[in-house]
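Coordinates in review
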Amino acid sequence: MSAAPANTDFVQPTSFAFSEANLAEAKKHIAKYPKGRQASAVMPLLWLAQYQEGWVSRAAMDVIAGMLEMAPIRVYEVATFYTMYNLKPVGKHLVQICRTTPCWLRGSDGLTEMCKKKLGVDLHGTSADGKFTIMEVECLGACVNAPMVQINDDFYEDLTPASLERILDELAAGKQPKIGPQVDRLNSAPEGGMTTLKDLGKGAGQ
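Note that the structure is a prediction, hence the values are computed from the model and not measured. (Residues numbered from 1 in each chain as written. Predicted model: local features only at pLDDT ≥ 70, side-chain atom pairs only at ≥ 80, totals over all residues. Heavy atoms only, no water.)

**Looking at the pattern of salt bridges**
All chains considered together, the criterion is met by 9 salt bridges. Connected via shared salt-bridge partners are R99, E136 and E138. (Salt bridge = Lys/Arg side-chain N within 4 Å of Asp/Glu carboxyl O.)

Next comes the structure, spelled out in structure tokens:
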């Protein structure tokens, strides 16, 4: 698994400000904690900053530190510890390929190799058109439908390299691909639909 690039190989913005809506949301998170405990809101505020910008800049961390009356280094420690925070700009579509055992056994390596070849980048790289960044991550919790990837907020499951390539093509064209299982199953049900209890809820003679 390739190491993530250092967050020194690009230009950091010199300022950051929450949008009006996100500032209101940030204040709601801060209000959940008693006076003097505002630092407990650091993770949701970092997430709000990332949701707004696509990543968490040094400037955003400094603003959050000021809002929570924390030493900036304490915010940096949180942001660099959790892999869910992107510390460098990412593409419009962040493709996170699960590599934990169930997905690996079901072919996640093939998904990774297809993405690298198709997009012309290595792990943690962003395609030349800025549309895709790919990375491998640990378990995303959809093991029964392995292999799967998360793209932005959506799960795509029961994948093959061919079906994932189709999803990338649709996203690149501005379309919304089908979310969830990419085979004939409902959520985590068996492929092909129910095989038992088909008459559940039916009365006699129905």
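Now, onward.
**Some words on the nonpolar core**
With 23 residues, the main nonpolar core has V42, L45, L46, M61, I64, L68 and V75 as its most contacted residues. With sequence-adjacent residues up to four places away left out, L46 is seen in contact with V56, M61, I64, V75, V78, A79 and Y85. Listed in part, the 18 residues of the second largest apolar core include V121, L123, V149 and L171. (Core = buried A, V, L, I, M, F, W, Y, C linked by side-chain atoms within 4.5 Å. Buried < 20%, exposed > 50% of the residue type's maximum accessible area, 1.4 Å probe, protein only. Contact = heavy atoms within 4.5 Å.)

**Describing the pairing of strand β1 (residues 93–98)**
The buried count for β1 comes to 6 of 6 residues, which makes it a mostly enclosed element. Side chains H93, V95 and I97 of β1 all project onto a buried face; the interleaved residues L94, Q96 and C98 project onto the opposite face, where all are buried too. Here β1 pairs with strand β3 (residues 149–151) via 3 bridges, running antiparallel. Residue pairing across strands places Q96 opposite Q150, the latter belonging to β3. (Helix = DSSP H or I, 4+ residues; strand = E, 2+ residues; numbered from the N terminus. Pairing = 2+ DSSP bridges.)

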